[in-house]
Amino acid sequence: MASIRGVSVPMYTTLRRTTVVFTMVVEYILTRQKYTRYIVGSVAVIVVGAFIAGARDLSFDAYGYGIVLMANLTTAVYLATIARVGKTCGLNSFGLMWCNGILCGPFLLLWSYVQGDLKVAMSFPDLLSPGFLTVLLLSSMLAFCLNYSVFLNTRLNSALTQTICGNLKDVFTIGFGWILFGGLPFDLLNVIGQGLGFVGSGLYAYYKVMGK
């Protein structure tokens with residue numbers, strides 16, 4: 001959210017998709033995980049597609065780029081740590097989520113206080129209104145399901161698989177956005193790039209299933 005202030009949405013999406021490369025590097029450092037040339041090739045297709053999709057917006061903002069790349073690194077470390085701890089400590093996905101919440105909760109609360117977000121939230125005029133509380137509850141339930149899916153997929157498969165699943169989600173998000181909202185400008189490079197990302201994700205899934 002901080003990086004989007006200095007980077008456009010297409011370029012943000014492009015840079016975020018390079019998380020797959022960060023994940024591969026981090027997994028190698030933490031667990032010496034190596035991937036076949038088929039997997040590396042499919043990841044390369046995804047990254048190339050991402051840069052083609054964002055080719056029309058190559059404006060550079062040092063702060064925005066720095067924040068996005070930091071987010072990529074921390075995401076890669078986060079997922080690789082989940083995968084490693086999940087396979088060595090014996091905790092299931094829910095146990096990992098619970099420990100993550102206990103450890104991160106105090107830091108989040110402190111950061112919210114320092115940034116002033118906590119004060120703004122407490123002074124929200126509709127904080128106790130039934131409508132807001134209902135939406136907040138439903139949002140929290142969806143967030144729980146999302147996080148549980150991330151932990152489960154990462155623990156059972158790998159950090160790289162989860163990262164690529166996240167990239168594949170963007171393709172469907174863009175498609176549904178086009179169908180539901182319409183009026184989006186047609187950009188051939190963006191379509192080609194998104195298509196390559198989808199193909200790369202499909203190749204990765206195929207090679208994983210085939211054991212290559």
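Residues numbered from 1 in each chain as written. Predicted model: local features only at pLDDT ≥ 70, side-chain atom pairs only at ≥ 80, totals over all residues. Heavy atoms only, no water.

### Regarding the overall build of the protein
The helix and strand inventory of the protein stands at 9 helices and 0 strands. Each helix and strand of the protein, ordered N terminal to C terminal, gives the series α-α-α-α-α-α-α-α-α. Evaluated residue by residue, the protein yields a buried proportion of 29% over its 212 residues. Within the protein, contacts between residues separated by at least 24 positions form 80% of all contacts whose residues are at least 6 apart in sequence. Total accessible area on the protein is roughly 13500 Å²; 73% of this is exposed by carbon and sulfur atoms. (Helix = DSSP H or I, 4+ residues; strand = E, 2+ residues; numbered from the N terminus. Buried < 20%, exposed > 50% of the residue type's maximum accessible area, 1.4 Å probe, protein only. Contact = heavy atoms within 4.5 Å. Areas by Shrake-Rupley, 256 points an atom, 1.4 Å probe, with all protein chains shown as cover.)

### What about the confidence of the model for the protein?
Counting all residues, the mean pLDDT for the protein is 80, and 82% of those residues have values of 70 or more. Across the protein, the element-wise mean pLDDT spans from 70 in helix α8 (residues 159-181) up to 90 in helix α7 (residues 130-156). (pLDDT = per-residue confidence, 0-100.)

### Quick look at the UniProt feature "transmembrane region" (unreviewed entry) in the protein
UniProt marks residues 38-56, 62-82, 94-113 and 133-152 with the feature "transmembrane region" (unreviewed entry), using the numbering shown here. Across residues 94-113, the secondary structure splits into 100% helix and 0% strand, with the terminal C-alpha atoms separated by 28 Å. From the first C-alpha to the last, residues 133-152 spans 28 Å; its make-up is 100% helix and 0% strand. (UniProt positions renumbered as here; feature names shortened; annotations may be inferred.)

### Describing the packing of aromatic side chains
Under the definition given, this model contains 4 aromatic pairs. Each ring, one from Phe 94 and one from Phe 144, has its centre 6.3 Å from the other, and the planes form 65 degrees; the classification is edge-to-face. Of the two residues, Phe 94 is situated in helix α5 (residues 93-115) and Phe 144 in helix α7; the sequence distance between them amounts to 50 residues. On the basis of an interplanar angle of 15 degrees and a centroid distance of 6.3 Å, the ring pair of Phe 144 and Tyr 148 is categorised as stacked. Linking Phe 144 with Tyr 148, this pair stays in helix α7, spanning 4 residues, or about one helical turn. Residue Phe 144 is classed as partly exposed on the basis of its relative accessible area, which comes to 39%. (Phe/Tyr/Trp six-rings, centres within 6.5 Å; stacked < 30°, edge-to-face > 60°.)

### Some thoughts on the nonpolar core
Soluble globular proteins tend to bury their nonpolar side chains together. Residues Val 20, Met 24, Tyr 35, Ile 39, Val 43, Ile 46, Val 47, Leu 160, Ile 164, Tyr 204 and Tyr 207 constitute the largest nonpolar core, which totals 11 residues. Broken down by secondary-structure element, the contributors of at least two residues to this core are α2 (19-31), α3 (37-53), α8 and α9 (188-210). Of all the elements, α3 adds the most residues to this core, at 4 residues. By size, the runner-up hydrophobic cluster in this structure holds 6 residues, among which are Val 26, Leu 79, Val 150 and Ala 159. (Core = buried A, V, L, I, M, F, W, Y, C linked by side-chain atoms within 4.5 Å.)

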